[in-house]
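Residues per chain are reported as follows:
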Amino acid sequence: MAILDSTSESDARRIARPSGVILLLCLALAAALLKPVLPAFLIRVPEWAVLPYDQWMQWLFDFIKDDLGLIHVTRTISAGLEWLLDITANLLYGKNRWPHIGPLPWSAVAAVAAVTGYALGGTRMALLAGGTFVWVALIGQWDLAMQTMSVITVAAPVAVLVGLILGLAAWKFPRFERALMPILAIFQTLPFFTYLLPAVIFFKVGPTAGCVATIVYAIPPMVLMTALGLKQVSDEVVEAGQMSGSTRWQMLRHVYLPSARTELLIGVNQVIMLSLAMVVLTAFIGMPGLGAKLLSLMNSLKLGRSFEIGVTIVLVAVTLDRCSKAWVVKQPQHFERGTPWWQRHRLLLIGIGAFVACLIAAQFIQLADHIKRGQDLSMGSEIDDVIRAILSNGVITSTTEWLRWFLITWVLIPFRNALLWLPSTSVILTVAAAGCFVGGWRSGMIAGAFFGIVALTGWWDRSIITVYAVISAVVLAALIGLPLGILAARRKRWADPILLACDTAQTFPSFIYLIPAIMLFGVNDVSVVFAIFIFATVPLMRYTIEGIRSVPDELLEAADMSGATRHQKLLAVQLPLALPTMAVGFNQAIMFAFFMVIIAAFIGTQDLGQELQKTLAGNQLGKNFVLGMCVALMALAFDHVIMRWSANRRKALGV
């Protein structure tokens, strides 16, 4: 009887869900068609109904900052961070503070990087790591790069330590984990501007605020990977540790953490890459370094010099990514008992020797110490001439101008105007219908509520313009990225190079994608969509390849035995089984697009990113938070719908 009841209940849900979706879609369509006769409050939330969330949040922040005295705590923390930043700044680029022993010669830093790369990944990694720092010095960007690295060398270890502690607490206390995970989900969807203003207000403008924003931004993946790694430690390993009489501290130190080493180091890799991405973006709050220089050069449209700095940022990012990934896969080296100390630490001694040799050489050879202006190999003006020559080519000019005209006139602006024309009620009901389709009424209410809250903030039109840019770019990315991903997955010689290109592209800081957009299309909506499109194509291609390649060989052999053609096998076997993984790629593409559209405000948009950028000029912390929450809520709505569908699909396929 219980089985029959559960079956009938399941059938009822399956019947109710399509009817609920149809009902919501009909209501959304009716709201759009009947717009001329709809009451005004169903078209847009009237001004009198918009609650002053920004004023409430501003009052709350002021109360916490001044009345509760949090500002004094943060300024104390700021003093400690500033002390650490002074040390790294003095060592790396010669800031005149304690310990007064810097700056280190560029050759010494490059030598240590090369030895470290060799220790992690052999000769090729040594050439990459050492060559990157040689490039930075020879191109005349050493001080800029070291200003950026001085913050990363403080922010990344602090983020790893805090993330490790929070991850341990989440693993140990389930209630804490349940409370923490939604906060981390919000943190991962908040636009980066939302991190910058609180850092400026509670800490000091410049490197300290940039360091704090970078730390907070980089913590979530370390927390998640720590909790995940500790949960996956096998029971057999735990039982062996307990049977040996280990204390709780010994269990953690010698059993759990070593067993979770891979996940922990993946978390470290993510922290390093997020730290680099964020520290470049902190140029908006006065953080010196590569990001600030790139920002000023792009403002003045000096694309040649911007290209050089972009290459430097990419090389540094690729080096940090490859070295940290090599650390993940490198297993600890064990030596036989009685092996001499110098043999066990041979590479450490070589690194120290190379460092000392370069220090001595720098005392006598000026080029080994620093490279002066005029001695560098910068070719910014020459690259500018090449770019102007390329862009002045008649074929390229006519092609980009026609494409810009076509997209703006016939695609982007009509689509944007159509979305803005729709009543907010119609959009909210459509989003709710999507949620209902994948997860029933509960998911529909969650997705609809997220957009409903956005409508109640009074920033609906700006939010819709943000969504328009995201959808346009992701659709374009899907039209190009999915076919390329499918072709690459079916041809092994294509798959590995494309995956390598995707891995490399994912290490690029987001600013880099603005350079080709501005070069080709100038400053307009097409540039914005083009920059987002490049950024969002990477996860779509990567997850399409991974999804199709993960289809079990047994099923492919069964399809071959049944006489299926390659085309039939793709449509009937590979794509259906790959769809859950491809959905994750869509989700990542949308999250990347929401992140990138805020950065694209730099080249001129009328969306939430522009308003967020304006808040940095004042003390509008409440408005900054409300705008950031609008972006986060819309991103979470898409995330909920797509990931719920993916989970349902996996369950239906039994994977």
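How each quantity is defined
- Residues numbered from 1 in each chain as written.
- Predicted model: local features only at pLDDT ≥ 70, side-chain atom pairs only at ≥ 80, totals over all residues.
- Heavy atoms only, no water.
- Domains from an automatic or database assignment.
- Buried area = accessible area lost by both parts, 1.4 Å probe.
- Salt bridge = Lys/Arg side-chain N within 4 Å of Asp/Glu carboxyl O.
- Polar contact = N/O pair within 3.5 Å; in protein donor to acceptor, adjacent residues only side chain to side chain.
- Axes fitted to C-alpha atoms, helices over the stretch in contact; angles between N-to-C directions.
- Helix = DSSP H or I, 4+ residues; strand = E, 2+ residues; numbered from the N terminus.
- Parallel < 35°, antiparallel > 145°, perpendicular 65-115°, else oblique.
- Contact = heavy atoms within 4.5 Å.
- Nonpolar A, V, L, I, M, F, W, Y, C, P; charged D, E, K, R; others polar.
- Left-handed = near helix turned anticlockwise from the far one by under 90°.
- Expected span 1.5 Å × (residues − 1).
- Buried < 20%, exposed > 50% of the residue type's maximum accessible area, 1.4 Å probe, protein only.
- Arc of directions from axis to C-beta.
- Patch = residues over 30% accessible without salt bridge, like charges linked within 9 Å, V, L, I, M, F, W, Y side chains within 5 Å.
- Areas by Shrake-Rupley, 256 points an atom, 1.4 Å probe, with all protein chains shown as cover.

**Describing the domain arrangement of the protein chain**
In many reports, interface size means the accessible area that the parts give up when they come together.
Thought 1: Parsing the protein chain into structural domains produces domain 1 (14-43 + 423-457), domain 2 (70-103 + 149-290), domain 3 (105-138 + 300-377) and domain 4 (392-421 + 462-655).
Thought 2: Computed over C-alpha atoms, the centres of domain 2 and domain 4 are 28 Å apart.
Thought 3: Together, the buried faces of domain 2 and domain 4 total about 1,900 Å²; carbon and sulfur atoms form 85% of this surface.
Thought 4: Sorting the residues of domain 2 by area buried against domain 4 places Thr189, Phe193 and Leu197 first, and these three jointly supply 32% of that buried surface.
Thought 5: Where domain 2 meets domain 4, there are zero salt bridges.
Thought 6: In this structure, the connection of domain 2 to domain 4 is made through one residue pair in polar contact (both at pLDDT 80 or more).

**Some details on the packing of helix α6 (residues 123-138) against helix α7 (residues 142-172)**
Between two packed helices, the angle of one axis relative to the other and the distance separating the axes together describe the packing.
Thought 1: With their axes 7 Å apart at the nearest point, α6 and α7 run at an angle of 130° to one another. Judged on the interaxial angle alone, α7 and α6 are oblique. Contacts from Phe133, Val136 and Ala137 in α6 reach Trp142, Ala145 and Met146 in α7.
Thought 2: Classifying every residue of the contact of α6 with α7 gives six nonpolar, no polar and no charged.

**Description of the side chain of Thr194**
Thought 1: The topology assignment puts Thr194 in helix α9 (residues 193-202).
Thought 2: When residues no more than four places from it in sequence are discounted, the contact partners of Thr194 are Leu612, Asn624, Phe625 and Gly628.

**A few points about the environment of Val475**
Thought 1: Here Val475 shows up in helix α22 (residues 460-490).
Thought 2: For the pair formed by Val475 and Ala536, sequence separation is 61 residues and the distance between their alpha carbons is 9.7 Å.

**Focus: the packing of α22 against helix α25 (residues 525-549)**
Thought 1: The geometry of α22 relative to α25 is characterised by a closest axis approach of 6 Å and an angle of 35° between their N-to-C directions. Classified by chirality, the crossing of α25 by α22 is right-handed.
Thought 2: Across the contact of α22 with α25, the residue classes break down as 21 nonpolar, five polar and two charged.

**Here's the deal with the environment of Gln375**
Thought 1: Within the secondary structure layout, Gln375 lies in the loop between α18 (366-369) and α19 (380-391).
Thought 2: For Gln375 and Ala635, which are 260 residues apart along the polypeptide, the C-alpha to C-alpha distance reads 48 Å.
Thought 3: With residues up to four places along the chain from it excluded, the contact list for Gln375 reads Gln366, Leu367 and His370.
Thought 4: Here Gln366 takes part through its side chain, which lies 3.0 Å from a polar atom of the side chain of Gln375.

**What to know about α19**
Given 3.6 residues per helical turn, the α-helix brings residues three or four places apart onto the same face.
Thought 1: Given a rise of 1.5 Å per residue, 12 residues ought to cover 16 Å, and the 16 Å separating the end C-alpha atoms of α19 matches this to within 8%.
Thought 2: Residues Gly380, Ile383, Asp384 and Ile387 constitute the buried set of α19. For α19, the arc enclosing every buried residue in end-on projection is 105°, short of the 170-degree limit, so these residues lie on one face.

**Re helix α14 (residues 290-299)**
Thought 1: Along α14, the positions that sit buried rather than exposed are Leu290, Gly291, Leu294, Leu295, Leu297 and Met298.
Thought 2: Of the surrounding secondary structure, the elements contacted by the buried residues of α14 are α7, α13 (261-281), α15 (303-329) and α24 (514-521).
Thought 3: Looking one or two residues past α14, Leu301 carries a phi angle of roughly 55°, positive in sign.

**Quick word on a nonpolar patch on the surface**
Thought 1: Together, Trp341, Trp342, Leu348, Leu349, Ile352, Val356, Ile360, Phe364, Ile365 and Leu367 make up an exposed nonpolar region whose accessible area comes to about 1,000 Å².
Thought 2: Elements that contribute at least two residues to the nonpolar patch include exactly α16 (341-344) and α17 (346-364).
Thought 3: For the nonpolar patch, the element with the highest residue contribution is α17, accounting for six residues.
Thought 4: Mapped onto the elements of the fold, Leu348 is located in helix α17.
Thought 5: We classify Leu348 as partly exposed; its relative accessible area is 47%.

**Comments concerning the pattern of salt bridges**
Thought 1: Counted according to the given criterion, the structure contains 13 salt bridges.
Thought 2: Between Lys65 and Asp66 there is a salt bridge, with the nearest N and O atoms lying 3.1 Å from each other.
Thought 3: Linking Arg542 and Glu546 is a salt bridge whose minimum nitrogen-to-oxygen distance equals 3.5 Å. Placement of both Arg542 and Glu546 in helix α25 is noted, with a separation of four residues, approximately one turn of the helix.
Thought 4: The exposure class of Glu546 is partly exposed, given its relative accessible area of 33%.
Thought 5: Connected through salt bridges with shared partners, the residues Arg462, Glu611, Lys614 and Lys623 form a single ionic network.

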